[in-house]
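Structure at a glance
Okay, here's what each chain looks like letter by letter:
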Amino acid sequence: MNTLLSIRDLRVRFHNRARDAVSGISLDIGRGEIVGLVGESGSGKTVTAMSVAGLLPRKRCDCSGTILLEGTELLHADRRTLRGVQGRSIGVVFQDPLSCMDPLMKVGAQVEETLLLHTDYSKAERRRLALEALAAVELPDPERVYASWPHELSGGMRQRACIAAAVVIRPALLLLDEPTTALDVTVQAQILALLKKLNRESGISMLFISHNLGVVRKLCTRAAVMQEGVIVEDGDTERVFRHPVHPYTRRLIDAIPTRDGRRRSA
Amino acid sequence: MKRNYYLLAGLAITGVLSAVTLLGFFWTPYDSAAMSADKFLAPCPAHLFGTDNFGRDIFSRVMEGAGTSFLIALCTVAIGAAGGVLLGAVTGYFGGLADEILIRVGDALTAFPSILLALVVISLLGPGKPVNLILSLGLVFIPSFARVTRAAYAEAREVNYVKSVRLMGASHARVILVHILPNTLPVLLSALTIGFNNAVLAEASMSYLGIGVTPPDASLGYMLSEAQSVFGRAPWYALTTGGVMILFLFGVGLIGEGLRSREGDAL
Amino acid sequence: MKYVFRRLGALLLTMFLVSLCTFAAFSGISGSAAEARLGTQATPERVAALREELGLNRPFAVRYAEWLSGFATGNLGDSLTYRQNVGELLRDKVLVSLLLSAMSFALIVLCSIPLSLLVVRLTGGPLDAAHTLFNQFCMSVPPFFTGLLLSWVFGVSLHWFTPGAFPGLSRIGDALRFLLFPAVAIAIPRTAMTVRMLRGTLLRELNRDYVKTAISRGSDRDTVLRRHVLKNALTPTVAFLAQMMAEIVAGVIVVEQVFGIPGLGRMLVVSISNRDYPVVQAIVVILAFWVVASNTVADCINVRIDPRLALGDK
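This write-up is about the structure you can find in this document. (Residues numbered from 1 in each chain as written. Chains lettered and ligands numbered in written order. Predicted model: local features only at pLDDT ≥ 70, side-chain atom pairs only at ≥ 80, totals over all residues. Heavy atoms only, no water.)

Right, let's talk about the overall build of chain C for a bit. When helices and strands are counted, chain C shows twelve helices and zero strands. Put simply, chain C runs from its N terminus to its C terminus through helices and strands in the order α-α-α-α-α-α-α-α-α-α-α-α. Put simply, chain C has 314 residues, and 52% of those count as buried. Summarising the internal contacts of chain C: among those between residues at least 6 apart in sequence, 74% fall at separations of at least 24. Of the side chains in chain C, 30 bear a positive and 20 a negative charge, and the two mean positions are spaced by 8 Å. (Helix = DSSP H or I, 4+ residues; strand = E, 2+ residues; numbered from the N terminus. Buried < 20%, exposed > 50% of the residue type's maximum accessible area, 1.4 Å probe, protein only. Contact = heavy atoms within 4.5 Å. Lys, Arg positive; Asp, Glu negative; His and termini not counted. Charge placed at Lys NZ, Arg CZ, Asp CG, Glu CD.)

Below you can see the structure in the form of structure tokens.
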């Protein structure tokens, strides 16, 4: 398969911590693939995503290894190179859509922001693309959402708008950092369906970070399980679920409540 | 733990100045009121801060003037803090209509220049007496303390440990005094440093204007108004008097800065 | 728009209460002050005649209403010392004080914004502590002390202006040059306070999640600051600057005395010493109005910047 993103021996340590946040992981993401990165909080999954997105505070941590996106090295890239990739080739969706939107900027302007930063499109052109993106994330009445303030939308709508803002410029990779954790269960299912649709229709690759194995199983083609900064298991989602190799994976799977309320192992 | 240099520096400056000021209540190098033929002497070993137009030793006068200023500021803050904390604690803890009214009135009052309010109160009480000055300034400082305390208490009221203490049968008075008050101390201490500086400044301004402390008493503010008229002959008078005041305000300000940084407040 | 009307309503209500309290407080003592004026000649008949002359025998509500309407018509009664109508007495002085506080305000705004942007860059660096010390020092300098130094250095020594000889508003150029020095004296500690507040606000905003989002879209630091952070820092800043107006007025009252500027502050101080209560109460209400009005304007500006504010206020 054609590899889009390739992480090799990534190691990150924050200056004020004794232990590596991420200690030597390698992970590939192919084009059109949805990879789930699972682990409990503090396992290093978000730090991994932030390294890829170029959002690590470089002054406060040491990192080594390589991150290649379509042949460009990102981990040690200078700011200018990084800015050319951020937003353009990699879109990011964060956990809390409320705090991640600028409260004093209309939704439309925020959705258009990557177009403004990375393209020469005219104002009208940007608006057209933004409305298209808002429609693509299945927001009813895109025109109205475009002219709304963030506080006028519901949580689910905000997260859809954030996804629209990340994909409006059609990046190759979408990083999703626990995008459904802050949402209601029903809204969560809708967002997952939407992500699946976006992947099917536009072929965008995704790295989906979650602590919830059930969610990963619904969405991802491949799953990687992280524990204490190390990837302990990596493979096809179904294989990981049916035949977990690592004991930690097994424990995580056992922790998923089933419909009849019993644990799987019981 | 990182050393809190602001707090240490502030305590050092304030400590030295307070010690000298305190000494001034019992002993000064010269009689601060004694006039002599040595007019307009520049600072020298015999007269550290020089002498003024009556040949009085400025260092002795500054020691006494600082004493007056800081005593007035202390009394002012004591009245303001006692009144404000009591008012803020009760209204913040119980809430309700009194709380609403206090917030509104407090908002309106803190929007006013404190000097203007103090001038109004003192013109009602009659200017020129130190007691009236202390009373007027003290009254003016109540709202700001009430505001800070009220906020802390209103927040504490909702916290679970306070609720559980109440359920265990503690009386309201006990909850207010024993359980919540200690938790408001950091905020209160910082408010005290700010309030103290404001009080020193307000007293100095009013005495400078001739409405606060008047002769024969002397405070730093009144001395500065004297110093202004002889600035051409004795610039050291204004510079030393003002310098001592600025240094003191600076020291107390640093203590406040240190207290806040210890609280981990980035501000 | 509805919000603006509500704010205006609140402004009028506040001013009504302020003026009522002021008038009530001073009318209580102005009678005895008038009697004190008669001194040893205070026979009961003379006191009664004086009270009649000052209109103190009429009902409180009538006197209050008359006085309040005086702010519109300019007839605020006569000064006890100057035997002149208070409105006429104060007209020019209001403008002088307004001009001085407006200049101080402009200085504060013009200096503190670039300074705080600079200071935010220093944060965490070796100069951070130096800035904190310098800032704390500037906050400790009382305006009347700075004023005293400025008037001697630039007035008496360099003859750039003559302290005590305010050229008057008809020579506006000279007047502005004169007022620049007191404005600087007022502005120094206030600018330090504003820089400190702005630094805190900017640092807090720079730590918010939306900044992370903007960077993840490829914005550089300056773009984030310009496009997102400054606007978000604006509402607390506007509110703070409006509160600063009270501090400026406090500075004006004192500094007018230092430079010998014939404004409201100086008049207030003189009138308090003279127990000239008609003048005192008029000045108090005028200064209070100036402060409350600035706060109202700030609220109205803020609700245009941040539409959420109109919701929070029911």
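Residue and element names in this part refer to chain A. Counting buried positions along strand β8 (residues 205–210) yields six of six residues, so the element is predominantly enclosed. Summarising the sheet, strand β3 (residues 34–38) and β8 pair through five bridges and their orientation is parallel. When the sheet's bridge partners are listed, glycine 36 is paired in β8 with phenylalanine 208. Pairing analysis gives five bridges linking strand β7 (residues 173–177) to β8, with the strands arranged parallel. For leucine 174, the partnering residue across the bridge sits in β8 and is methionine 206. (Pairing = 2+ DSSP bridges.)

Now for the arrangement of the chains. Counting contacts across all two pairs of chains found in contact, the highest total belongs to chains B and C. Left apart from each other, chain A and chain B have a closest C-alpha approach of 14 Å.

On to the interface of chain C and chain A. With 21 residues of chain C at the contact, the number on the chain A side is 24 residues. For the pair chain C and chain A, the two sides together bury roughly 2,200 Å², of which 59% comes from carbon and sulfur. The largest contributions to the chain C side of the interface with chain A come from Ser216, Arg217 and Arg227 of chain C, which together make up 33% of the buried area. Across the contact surface, chain C and chain A share two salt bridges. We note a salt bridge from glutamate 113 of chain A to arginine 217 of chain C, for which the minimum N-O separation is 2.9 Å. Counting the contacts that link chain C with chain A gives twelve residue pairs in polar contact (both at pLDDT 80 or more). Here the side of chain C that touches chain A takes seven residues from helix α8 (residues 209–216) of chain C, the largest share from any one element. Per-class residue counts for the side of chain C that touches chain A are six nonpolar, seven polar and eight charged. (Buried area = accessible area lost by both parts, 1.4 Å probe. Salt bridge = Lys/Arg side-chain N within 4 Å of Asp/Glu carboxyl O. Polar contact = N/O pair within 3.5 Å; in protein donor to acceptor, adjacent residues only side chain to side chain. Nonpolar A, V, L, I, M, F, W, Y, C, P; charged D, E, K, R; others polar.)

Glancing now at the packing of helix α6 (residues 160–167) of chain B against helix α7 (residues 172–208) of chain B. Residues and elements named next belong to chain B. The geometry of α6 relative to α7 is characterised by a closest axis approach of 11 Å and an angle of 155 degrees between their N-to-C directions. Accordingly, the angle class assigned to the pair α6 and α7 is roughly antiparallel. The chirality of how α6 crosses α7 is right-handed. Between α6 and α7, the residues in contact are Tyr161, Val162, Val165 and Arg166 and His172, Val175, His179, Ile180 and Asn183, respectively. By residue class, the composition of the contact of α6 with α7 is five nonpolar, three polar and one charged. (Axes fitted to C-alpha atoms, helices over the stretch in contact; angles between N-to-C directions. Parallel < 35°, antiparallel > 145°, perpendicular 65-115°, else oblique. Left-handed = near helix turned anticlockwise from the far one by under 90°.)

With that out of the way, let us pick up helix α5 (residues 128–140) of chain C. End to end, α5 of chain C covers 19 Å across 13 residues, agreeing with the expected 18 Å (1.5 Å per residue, within 8%). Taken together, the buried positions of α5 of chain C are Asp128, His131, Thr132, Asn135, Gln136, Cys138, Met139 and Ser140 of chain C. Its buried side turned inward, α5 of chain C meets α1 (5–24) and α9 (235–262) of chain B together with α4 (86–122) and α7 (172–206) of chain C. (Expected span 1.5 Å × (residues − 1).)

Turning our eyes to something else, we now look at the nonpolar core. Core analysis: the biggest nonpolar cluster contains 119 residues, and Ile253, Phe259 and Leu268 of chain C have the highest contact counts within it. Here the element with the most residues in this core is helix α9 (residues 221–259) of chain C; it accounts for 14 residues. (Core = buried A, V, L, I, M, F, W, Y, C linked by side-chain atoms within 4.5 Å.)

As a further point, take helix α11 (residues 277–305) of chain C. Taking 1.5 Å of rise per residue, 29 residues should cover 42 Å, and α11 of chain C covers 42 Å from first to last C-alpha, within 8% of that figure. For α11 of chain C, a buried count of 22 out of 29 residues is recorded, marking the element as mostly surrounded by other parts of the structure.

Residues and elements named next belong to chain B. Remark: helix α2 (residues 58–94) packs on α7, axes separated minimally by 8 Å, with the N-to-C direction vectors making an angle of 145 degrees. Between α2 and α7 lies a crossing of right-handed hand. Where α2 abuts α7, its residues Ser69, Phe70, Ile72, Ala73, Leu74, Thr76, Val77, Ala81, Val85, Ala89, Tyr93 and Phe94 lie against His172, Val175, Ile176, Ile180, Leu181, Leu188, Leu192, Gly195, Phe196, Ala199, Val200 and Glu203. Class assignment for the residues of the contact of α2 with α7 results in 19 nonpolar, four polar and one charged.

Now for the sheet that holds β7 of chain A. All names here are of chain A. Read across the open sheet, the six strands follow the order β6-β7-β8-β3-β9-β10; overall the sheet is mixed. Since the sheet does not close on itself, it has two edges, and those belong to β6 (90–93) and β10 (230–236), each with one partner. Taking each pair of neighbouring strands and ignoring which way they run, the sheet shows an average axis angle of 15 degrees. Each of β6 and β7 touches helix α7 (residues 155–167); the most contacted strand, β6, lies at about 170 degrees to it.

For the rest of this paragraph, the subject is the interface of chain B and chain C. By a widespread convention, an interface's size corresponds to the accessible area lost as its parts come together. Taken together, the 36 residues of chain B in the interface contact 43 residues of chain C. When the two sides are added together, the surface that chain B and chain C hide from each other amounts to roughly 3,600 Å², 78% of it contributed by carbon and sulfur. Taken together, the links from chain B to chain C amount to one salt bridge. There are eight residue pairs in polar contact (both at pLDDT 80 or more) connecting chain B and chain C. Those elements giving two or more residues to the side of chain B that touches chain C turn out to be α4 (114–125), α7, α8 (220–229) and α9 of chain B. Here the element with the most residues in the side of chain B that touches chain C is α9 of chain B; it accounts for twelve residues. Per-class residue counts for the side of chain B that touches chain C are 26 nonpolar, eight polar and two charged.

Below, the discussion takes up the packing of aromatic side chains. One pass over the structure, following the stated rule, counts 20 aromatic pairs over all chains. Three or more aromatic residues joined by ring pairs form one cluster here, namely Phe154, Trp160, Phe161, Phe166, Phe178, Phe181 and Phe259 of chain C. (Phe/Tyr/Trp six-rings, centres within 6.5 Å; stacked < 30°, edge-to-face > 60°.)

The next point concerns the environment of arginine 275 of chain C. Assignment of secondary structure puts arginine 275 of chain C in the loop between α10 (264–274) and α11. C-alpha of arginine 275 of chain C to C-alpha of phenylalanine 137 of chain C: the two residues are 138 residues apart in sequence and 37 Å apart in space.

Turning to a positive patch on the surface, a few remarks are in order. Taken together, Arg58, Lys59 and Arg79 of chain A together with Arg221 of chain C make up a surface patch of like positive charges. Considering the arrangement of structural elements, one finds arginine 58 of chain A in the loop between α1 (45–53) and β4 (61–69). Taking the relative accessible area as the measure of exposure, arginine 58 of chain A reaches 33% and is therefore partly exposed. (Patch = residues over 30% accessible without salt bridge, like charges linked within 9 Å, V, L, I, M, F, W, Y side chains within 5 Å. Areas by Shrake-Rupley, 256 points an atom, 1.4 Å probe, with all protein chains shown as cover.)

This part takes up the sheet that holds β4 of chain A. Residues and elements named next belong to chain A. Taken together, the four strands give an open sheet; going across it, the order is β2-β1-β4-β5, and neighbouring strands pair in antiparallel fashion. Of all the strands in the sheet, the pair left with one neighbour each is β2 (22–30) and β5 (72–73). Where strand β1 (residues 3–14) and β4 come together, eight bridges link them in antiparallel fashion. Pairing of arginine 11 across the sheet is with serine 64, part of β4. The strands touched by α1 within the sheet are β1, β2 and β4, with β1 carrying the most contacts at an inclination of about 115 degrees.

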